[in-house]
Structure formats: C-alpha cells, structure tokens
Amino acid sequence: MQLDILNIEGKKTGRFIELPEEIFGVEPNNHVIYLAVKQYLAAQRQGTHKVKTRAEVKGASRKLHKQKGTGGARKGNIRNPLYKGGGTIFGPKPHGWGIKLNRKVKDLAKISALSVKAKENSIIIVEDLALQAPKTKQFVGILKNLNINVDGKKTMFITPEYNDSVYLSLRNIPTVDGAMLSDINTYDIMNSNYLVFTESAAKIFTEEPAEA
C-alpha cells in the first residue's frame, strides 16, 4: 500500500511510503476486533460497586419475637433482607471485569483494524512537525489543510515518541487524540475516523526487524 507524504499545508512532498501488505492489506477479522474492543472497554470498568449483606448492616442480632404462639409469621432479626434497612440478597460485590486475550489474538485485531482504516482510505501520512511552541490554533490549521474536519470527525495523531509541543497543542481539541505508535490499540484505531501518522512513525512499519 503506497501513500504520499503530505506537508503541513496538505500538499504532496513528492515522497511516499510503501506500507506493508501484511499489516495494512489483510482481510479484516471482525470477530477478533470485537474481542479486543470488548477487552479494552471491560478494563475501563472499576468494579467497585458494593452493597451490604445482612451480616454487615447496622442492627441488633436478637430475634424479634419467639418462633411460635404469636399468630404472626416467623421472624429473625431486624437485619432480615425483607425489612427496610435490612441487608441485600445476592447484591453486587467488588470484582474485576478484565478479559484475557492471547497476544496473537490482540496482534491480529490491531492488524485487522489498521487494514479496515486502509480500505476506508482513512490513513494520512504527514511530514514530521517542528512546532517551536504549543499552538492549538496552528495545529487545527494543519488538520484543516489535511481536509480533516475537527468539528465532526475523530482523529488519532500518531507519533513515534512523545512530543511535548504536539501533545500540548492537540489536548484542547475534543475530537483529536494523540498517541505514540507503541501505545495505540484496536479500540483507538476503530474509534477514530482518521489516523494521521507522522513520517517517522510510518517509517517504523517499513524497517527491517533487528536480528537477535
């Protein structure tokens, strides 16, 4: 998959990057994408919900009246779940919502998500930014030059490493998120309308793996 590298004015620089087909050109596996997104969202749940059982609510433990001879129903203590202020039966308890996925499944999900965005022509390569200081207005202008509507479209801006000026420039734009290439996940990819890679970040896909 060949993509032109654009400058900050949205014009072609005459350079291009050949993205590997084994990452950006596979047949997407929708089920593993679903599993990876489900795992990510499940991990966001705190799982701190808690109610008190009859052993934990406040109240005396004495039996309200004798078992027989009153003409009324049998009663235990005031903490009985049937009474107002009593304990809760089978209520929620703190627990984790995490889902385990094998590394190969997570890798396949990420590759499938990148291939989906490639088929949608939603991947843009821009030359490395050299912002002297954080400027949100300037960053919005760059995105508009790339034909990205920051008012209605979600954008993921991806760099090879943390760039203070870039991240301080985009953090006040509600529809734009920034991430290092090593930190992006399937949810981030699928939750974005556009993936904007800097030239240095995109070149990592074309580098030969180092020998052990």
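Look above for the structure.
Bear in mind the structure is a predicted one, so any value in this text is a computation, not a measurement.

A. Just the overall build of the protein chain, in detail. A tally of regular secondary structure across the protein chain gives 7 helices and 6 strands. Going from N to C terminus, the protein chain has its helices and strands arranged as β-β-α-α-α-β-α-β-α-β-α-β-α. Against the 2.2 N^0.38 benchmark of 17 Å for 212 residues, the protein chain shows a C-alpha radius of gyration of 27 Å, more extended than a compact globule. Seen through its C-alpha atoms, the protein chain measures out along the principal axes to roughly 95 × 40 × 35 Å. Classification of the 212 residues of the protein chain by burial places 35% in the buried group. Taking contacts inside the protein chain between residues at least 6 apart in sequence as the whole, the part at least 24 apart equals 67%. Carbon and sulfur atoms form 51% of the exposed surface of the protein chain, whose accessible area is close to 13,500 Å².

B. The arrangement of the packing of aromatic side chains in detail. In the structure shown here, the tally under the stated rule is 5 aromatic pairs. Ring geometry for F24 against F205: centres 4.9 Å apart, planes inclined by 85 degrees, an arrangement best described as edge-to-face. Here F24, found in helix α1 (residues 21–24), pairs with F205, found in the segment after α7 (199–203); they are 181 residues apart in sequence, far enough to count as distant. Under the relative-accessibility criterion, F24 is labelled buried at 3%. By the ring-pair criterion, three or more aromatic residues cluster together here, those being F24, F197 and F205. Geometry around W97 places R45 over its ring, the cationic atom sitting 3.6 Å from the centre.

C. Local environment of the sheet that holds strand β4 (residues 155–159). Spatial ordering of the open sheet is given by β2-β1-β3-β6-β4-β5, a layout of 6 strands whose pairing is mixed. On the outer flanks of this sheet lie β2 (12–18) and β5 (176–180), each paired with one strand and no other. Recorded for the sheet is a direction-independent mean angle of 30 degrees between the axes of neighbouring strands. Note that strand β3 (residues 123–126) and strand β6 (residues 194–198) share 4 bridges and pair parallel. Residue pairing across strands places I124 opposite V196, the latter belonging to β6.

D. Geometry of the nonpolar core. Counting residues in each nonpolar core, the largest one holds 23 residues, and the members touching the most others are F24, I123, I125, L195 and F197. Elements with a contribution of two residues or more to this core: β1 (2–6), α1, α3 (103–119), β3, β4, β6 and α7. With 3 residues, the top contributor of residues to this core is α3. With residues up to four places along the chain from it excluded, the contact list for I125 reads L3, D4, I5, L6, I17, F197, T198, E199 and A202. Counting residues in hydrophobic clusters, the runner-up holds 18 residues, among them I124, L129, V166 and I173.

E. Helix α2 (residues 30–44), seen in detail. The end-to-end C-alpha separation of α2 is 22 Å, in line with the 21 Å expected for 15 residues at 1.5 Å each. Those residues of α2 lying buried are V32, I33, A36, V37, Q39 and A42.

F. Just the environment of Q67, in detail. Tracing the backbone through its elements, the reader meets Q67 in the loop between α2 and α3. Sequence separation between Q67 and D177 is 110 residues; the distance between their C-alpha atoms is 66 Å. Looking at Q67, its side chain comes within polar contact range of the side chain of K63, at 2.9 Å.

G. Seen up close, the side chain of S192. Within the secondary structure layout, S192 lies in the loop between α6 (186–190) and β6. Within the local environment of S192, its side chain forms a polar contact with the backbone oxygen of D188, the two atoms lying 2.8 Å apart.

H. Structural context of the packing of α2 against α3. Direction vectors running N to C along α2 and α3 enclose 110 degrees, while the axes themselves pass 8 Å from each other. In terms of axis orientation, α2 runs roughly perpendicular to α3. Taken together, the residues of α3 that come into contact with α2 (itself represented by V32, I33, A36 and Q39) are V105, K106, L108, A109, S112, A113 and V116.

Criteria and cut-off values
- Residues numbered from 1 in each chain as written.
- Predicted model: local features only at pLDDT ≥ 70, side-chain atom pairs only at ≥ 80, totals over all residues.
- Heavy atoms only, no water.
- Helix = DSSP H or I, 4+ residues; strand = E, 2+ residues; numbered from the N terminus.
- Rg over C-alpha atoms; globule rule 2.2 N^0.38 Å.
- Buried < 20%, exposed > 50% of the residue type's maximum accessible area, 1.4 Å probe, protein only.
- Contact = heavy atoms within 4.5 Å.
- Areas by Shrake-Rupley, 256 points an atom, 1.4 Å probe, with all protein chains shown as cover.
- Phe/Tyr/Trp six-rings, centres within 6.5 Å; stacked < 30°, edge-to-face > 60°.
- Lys NZ or Arg CZ within 6 Å of the ring centre and 35° of its normal.
- Pairing = 2+ DSSP bridges.
- Axes fitted to C-alpha atoms, helices over the stretch in contact; angles between N-to-C directions.
- Core = buried A, V, L, I, M, F, W, Y, C linked by side-chain atoms within 4.5 Å.
- Expected span 1.5 Å × (residues − 1).
- Polar contact = N/O pair within 3.5 Å; in protein donor to acceptor, adjacent residues only side chain to side chain.
- Parallel < 35°, antiparallel > 145°, perpendicular 65-115°, else oblique.

As far as function goes, none of this settles anything; it's purely spatial.
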